[in-house]
Amino acid sequence: MNETQALEGLWASIGHAPWPVVIGYVLVALCIGWKGLTEGKLHGQAKAWAGAVVGMLVGVGSSMALDADWIHAVVFGVLIGGTSTGFWSMVKQTIPDIGKPSEPPGPMTTTNGMVNVGPQTPYDPPQEPPT
């Protein structure tokens with residue numbers, strides 16, 4: 001849904017559609033306006049939070065604009081917000097091990113799991129004691 005479709009749907013729904021549909025169009029229009037106002041101005045943690053919240057609000061608003069039940073709209077919004085880039089960057093900051101490679105093996109191990117104890121010497125068969 002682009003800006004003109006959101007505004008046309010909002011104007012068409014006012015006075016003719018049930019209020020949840022109007023509220024859904026208002027949410028989507030506000031999110032589009034927010035994106036236009038903050039494009040390139042948010043950084044770091046603020047950008048992550050804004051992306052997650054706007055994702056949730058767009059999910060809720062678009063579901064409500066399609067005349068869905070409010071509980072389905074909220075669940076859909078949470079699912080959409082959970083797939084946003086901002087949400088996953090917050091998860092990576094909270095749980096630092098996600099997305100990082102595992103620790104390399106120690107100096108005494110090989111890739112097949114066997115331990116090298118020291119330098120290898122050629123095999124000397126046992127010698128007979130001198131008589």
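### Topic: unusual backbone geometry
Where the residue is not glycine, phi is negative for most of them; where a peptide bond is considered, it is trans in most cases. We note that Asp67 has phi near 65°; this positive angle belongs to a residue other than glycine. By the element assignment, Asp67 lies in the loop between α3 (45-65) and α4 (70-82). Residue Asp67 is classed as exposed on the basis of its relative accessible area, which comes to 52%.

### Examining the packing of helix α2 (residues 19-38) against α3
Look at α2 against α3: their axes get within 7 Å of each other, and the N-to-C directions meet at 150°. As far as their axial angle goes, α3 and α2 are roughly antiparallel. Like other packed secondary-structure pairs, α2 and α3 cross with a definite hand, here left-handed. Within the contact between the two elements, α2 uses Pro20, Val21, Ile23, Gly24, Tyr25, Leu27, Val28, Cys31 and Trp34 and α3 uses Ala50, Val54, Leu57, Val58, Val60, Gly61, Ser62, Met64 and Ala65. Of the residues in the contact of α2 with α3, the class split is 15 nonpolar, 3 polar and no charged.

Quick notes on the rules
- Residues numbered from 1 in each chain as written.
- Predicted model: local features only at pLDDT ≥ 70, side-chain atom pairs only at ≥ 80, totals over all residues.
- Heavy atoms only, no water.
- Helix = DSSP H or I, 4+ residues; strand = E, 2+ residues; numbered from the N terminus.
- Buried < 20%, exposed > 50% of the residue type's maximum accessible area, 1.4 Å probe, protein only.
- Axes fitted to C-alpha atoms, helices over the stretch in contact; angles between N-to-C directions.
- Parallel < 35°, antiparallel > 145°, perpendicular 65-115°, else oblique.
- Left-handed = near helix turned anticlockwise from the far one by under 90°.
- Contact = heavy atoms within 4.5 Å.
- Nonpolar A, V, L, I, M, F, W, Y, C, P; charged D, E, K, R; others polar.

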